[in-house]
Amino acid sequence: MLQDPLWRPTPERAASSEMAKFRTFFSGRLGQVLPDYPALHRASVEERGLFWSALWDYCGVIGEKGGRPLGEDRMPGAQFFPDARLNYAENLLRDADDREAIVFRAEDRVERRMTRRELLLAVGKAQRFLESKDVGVGDRVAAMLPNCPEAIVMMLATASIGAIWSSCSPDFGARGVLDRFSQIEPKLFIGCDGYFYNRQRLSIRDKIAEILRDLPTVEASLIIDLIGEAEDVAASLPKAVAYSSIMETSEDVSIRFVPLPFNHPLFILFSSGTTGIPKCIVHGAGGTLLQHLKEHRLHSGNGEGDRVFYFTTLGWMMWNWLVSALACGSTLILFDGSPFAPRPTVLFDYAEKERVTFFGTSAKYLDSSRKLDLKPRETHDLSSLRALASTGSPLAAETFEWVYQAIKSDLHLASISGGTDIVSCFVLGDPTSPVYAGEIQRAGLGMAVDIFDDEGHPLSSGKGELVCKKAFPSMPISFWNDPEGKKYRAAYFDRFSGLWHHGDFAEWTAHGGLIIHGRSDATLNPGGVRIGTAEIYAQVEQIPEVIEALAIGQDFAGDVRVILFVRLREGVTLNSELQERIRKQIRTGASPRHVPQKIIEIADIPRTKSGKITELAVRDIIHGREVKNREALANPEALDLYRDLPELRS
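Presented here is a report on the structure given in the accompanying data block. Worth saying up front: this structure is predicted, and the values here are computed from it rather than measured.

Before going further, it helps to spend a moment on the overall build of the protein chain. What the protein chain contains, in helices and strands, is 21 helices and 30 strands. Computed over its C-alpha atoms, the radius of gyration of the protein chain comes to 24 Å, within 12% of the 26 Å expected for a compact globule of 650 residues. The contacts in the protein chain between residues at least 6 apart in sequence include a share of 70% that link residues at least 24 apart. A gap of 1 Å separates the mean positions of the 75 positive and 86 negative side-chain charges of the protein chain.

Written out as structure tokens, the structure reads:
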């Protein structure tokens, strides 16, 4: 028996959505009626050249499209819009007027606002600074910054002249920063004087000096002010200036946008690096822009007048995704710091004050809010809030239900999934379709998503590997320092020849949606049966005493046994009664095969900088293998808690 949806758009709301309007537009281009999303999706995959060309026109992309939307059609090596010329920054800086472009808050310490006119002027001044330092087409600009307006200004200035932007957040350790930036040999380094987290004022003066000592290719540095020390920090460094000094002039500064090929490098993003040196993933300007326009305007409904928030840092691709909402005419609502300081409701306070229409966050944040028993619908005016997106890890069914009970009943809740590898999503929301608990609504338009078994056969039901069967514009154009493309092909195309293998363990649902069960390389194999860790977490998170959990497979006695680590609320101990309740919940909610052989209380669970649980690092530790890149973790000290545990010896 099929479950009832948690939310269904009214016919009026669905018909007035950008998704419905585009469906009508594309139907006209196609010469056939597309009555619903499944029909639209099929056509977008079968007629990809026509689809991406229609999207370019519908979104009013600034640039020369050329006559061929799709040249070479293969993976890897596809060529979308091979004759096109455009500039990513120009598309984000259109309509320079007095509408708000950016609102920024660093916890409760700093607040800034910029209009679109002020943003354009600042980008022009930043462009002049970059050119004065001989930064040009193809040069790399590396930034270690908070999620602040100045980061957006400098990124857009970088893109405007055809240089390549790469970033991380200021909480990275020096080794983690160097593991990333030393590979790409930046010409310019941008840092900050410090940042705020959990109401603490954290200076990073010494860390910047250490980083610059080991980046010999850097010819100039720029220091942005957040805690009031930028000028002093800049004065202490060779060839460094404070950001305020390049913005001092009051004269109008003209800006130019260099027209570039569709696949000109725009961003270098990095894999998490928990199993080795991070991969340097190069993304092109055109593919990034088109994918983000599609996801913001059609799937998320973001346009002029919308106020778009995503809780992210510059070390996560959701920052790159968020900034592209400027191309839709939306206002960016930025936040940097702890999402629970100075009080647990700080993000909902911010959403209420700034009349946020689109609220993006992580599954972990929503689950933490649920366990804190927050009820924003009773304490906040969220009448402006139209959509809520969640990513970073699978969103459990009970958290779906909590969102509708505790935040807002009339809300488009979209669990989304994709990642750094494609700087966008494979599967995400559809504002014209119902929302079901625990399910991602749809595969993205133009994305030929499927689920394969281990032999490479498509699965209409059951769990398997998430693949994409046809090329799409936001595939990486390369890995840095991989001239023959060997690392690139090995990362995505070795498992299933000619198809993109994403590394997620997933299944289709009866409603045409998907469930992600975790990363394929973290799946458990007790008795040879594959189990997704997300299936276990979905059950454990229903136990009130458990804050969070981590499951791994331990090689033991010729098989693999499931070990579950749990972090408990203060004052709670893992006694036999609690262990039995956890096992019963997993047994009845998932299956007997999901029940862990051992449950172990642990004080902390290691996470990446973007908040994802790192099962692989823990698995290495308990098997006596060293984690190669601890700097990739937000809390690397947590790994030591798992070393030589006596409970794992029997």
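This paragraph deals with the sheet that holds strand E24 (residues 464–468). Taken together, the four strands give an open sheet; going across it, the order is E23-E24-E26-E27, and neighbouring strands pair in antiparallel fashion. Single-partner strands in this sheet number two, and they are strand E23 (449–452) and strand E27 (514–519). Neighbour to neighbour, the strand axes of the sheet diverge by 45° on average, direction disregarded. In terms of strand pairing, E24 meets strand E26 (residues 500–508) through four bridges, oriented antiparallel. Note that in E26 the partner of valine 467 across the bridge is histidine 501.

Position of threonine 399 relative to the elements: it lies in helix H17 (residues 397–407). In this view, threonine 399 contacts Leu366, Asp367 and Arg370; residues no more than four positions away in its chain are not counted.

Let us look at the packing of aromatic side chains. By convention here, two paired aromatic rings are described through the distance between centres and the angle between planes. For the coordinates displayed, the defined rule picks out 34 aromatic pairs. Relative to tyrosine 488, the ring of phenylalanine 479 has its centre 5.4 Å away and its plane inclined at 45°; by these criteria the two rings are tilted. Considered together, phenylalanine 479 and tyrosine 488 belong to a single accessibility category, that of buried residues. Taking 5.9 Å as the distance between ring centres and 80° as the angle between the ring planes, the aromatic pair formed by tyrosine 488 and phenylalanine 493 counts as edge-to-face. Accessibility expressed as a relative area gives 6% for phenylalanine 493, which makes it buried. When the ring centre of phenylalanine 556 is taken as origin, the NZ or CZ atom of arginine 561, which lies over that ring, is 3.6 Å away.

Among the nonpolar cores identified, the biggest contains 155 residues, and Leu156, Trp165 and Trp500 are the most heavily contacted of them. Examining the composition of this core, we find that eight residues originate from one element, helix H7 (residues 149–160), more than from any other. Each residue touching leucine 156, except ones within four places of it in the same chain, is listed here: Tyr88, Ala89, Leu92, Leu93, Leu119, Val123 and Leu326. In this structure, Ile536, Ile543, Ile602 and Ile622 belong to the second largest nonpolar core, which totals 36 residues.

Turning next to the packing of helix H8 (residues 174–184) against helix H9 (residues 205–213). Following both chains from N to C, one finds H8 and H9 inclined at 35°, their axes separated by 10 Å at the closest point. Considering the relative orientation of H8 and H9, their crossing is right-handed. Listed contacts from H9 to Ala174, Val177 and Leu178 of H8 are Lys207, Glu210 and Ile211. Partitioning the contact of H8 with H9 into residue classes produces four nonpolar, no polar and two charged.

Right, let's get into the environment of serine 409. With respect to the helices and strands, serine 409 occurs in the loop between H17 and strand E19 (412–415). Residue classification places serine 409 among the partly exposed positions, given a relative accessible area of 43%. Separated by 32 residues in sequence, serine 409 and arginine 377 have C-alpha atoms that sit 8.7 Å apart. Beyond its immediate sequence surroundings of up to four residues, serine 409 is in contact with Trp7, Arg377 and Tyr404.

Right, let's talk about the pairing of strand E30 (residues 598–601) for a bit. Sheet topology note: the strand E29 (residues 559–568)/E30 ladder contains four bridges and is parallel. Paired with phenylalanine 565 across the two strands is isoleucine 600, which belongs to E30.

A word on the sheet that holds strand E20 (residues 417–419). In space, the three strands of this open sheet follow the order E20-E21-E22, with antiparallel pairing throughout. In this open sheet, the two edge strands, each paired with only one partner strand, are E20 and strand E22 (442–443). Bridging between E20 and strand E21 (residues 424–428) involves three bridges; their strand directions are antiparallel. In the sheet register, glycine 418 faces E21, and the bridge partner there is cysteine 425. Sheet contacts for helix H12 (residues 285–299): E21 and E22; angle to E21, the most-contacted strand, approximately 40°.

Reading the values: rules and limits
- Along each chain, residues carry numbers from 1 onward, in the same order as the chain's sequence is written.
- Residue-level local features of this predicted model are given only where pLDDT is at least 70; pairs of side-chain atoms are given and counted only at 80 or more, and the full residue set underlies all totals for whole chains, interfaces and linings.
- Side-chain measures here rest on the full set of heavy atoms in the structure, leaving out hydrogens and waters.
- Put simply, DSSP H or I for four residues or longer makes a helix, DSSP E for two residues or longer makes a strand, and each gets a number counted from the N terminus.
- Note on method: radius of gyration uses C-alpha positions; expected globular size equals 2.2 Å times residues raised to 0.38.
- Contacts are assigned to residue pairs that have any heavy atoms within 4.5 Å of one another.
- Counting rule applied: Lys, Arg positive; Asp, Glu negative; His and chain ends not counted.
- We put the charge of a Lys on NZ, of an Arg on CZ, of an Asp on CG and of a Glu on CD.
- For two strands to be treated as a pair, DSSP must find at least two bridges joining them.
- Axes, fitted as lines to C-alpha atoms, cover a helix only where it is in contact. Angles between the N-to-C directions of the axes lie from 0 to 180 degrees.
- Within 6.5 Å between ring centres, the rings of Phe, Tyr and Trp (the latter by its six-membered ring) count as paired, and their orientation is classed by plane angle as stacked under 30 degrees, edge-to-face over 60, tilted in between.
- The buried label goes to any residue with under 20% of its type's maximum accessible area, the exposed label to any with over 50%, and the partly exposed label to all in between, with areas taken from a 1.4 Å probe on protein chains only.
- Any Lys NZ or Arg CZ that is within 6 Å of a ring centre and within 35 degrees of that ring's normal is treated as a charge sitting over the ring.
- Throughout, nonpolar core names a set of buried Ala, Val, Leu, Ile, Met, Phe, Trp, Tyr and Cys residues whose side chains join them through atoms within 4.5 Å.
- Handedness of each helix crossing follows the sense of rotation of the near helix against the far helix: counterclockwise by less than a right angle gives left-handed, clockwise gives right-handed.
- Residue polarity is assigned by list, with Asp, Glu, Lys and Arg as charged and Ala, Val, Leu, Ile, Met, Phe, Trp, Tyr, Cys and Pro as nonpolar; anything else, Gly included, falls into the polar class.

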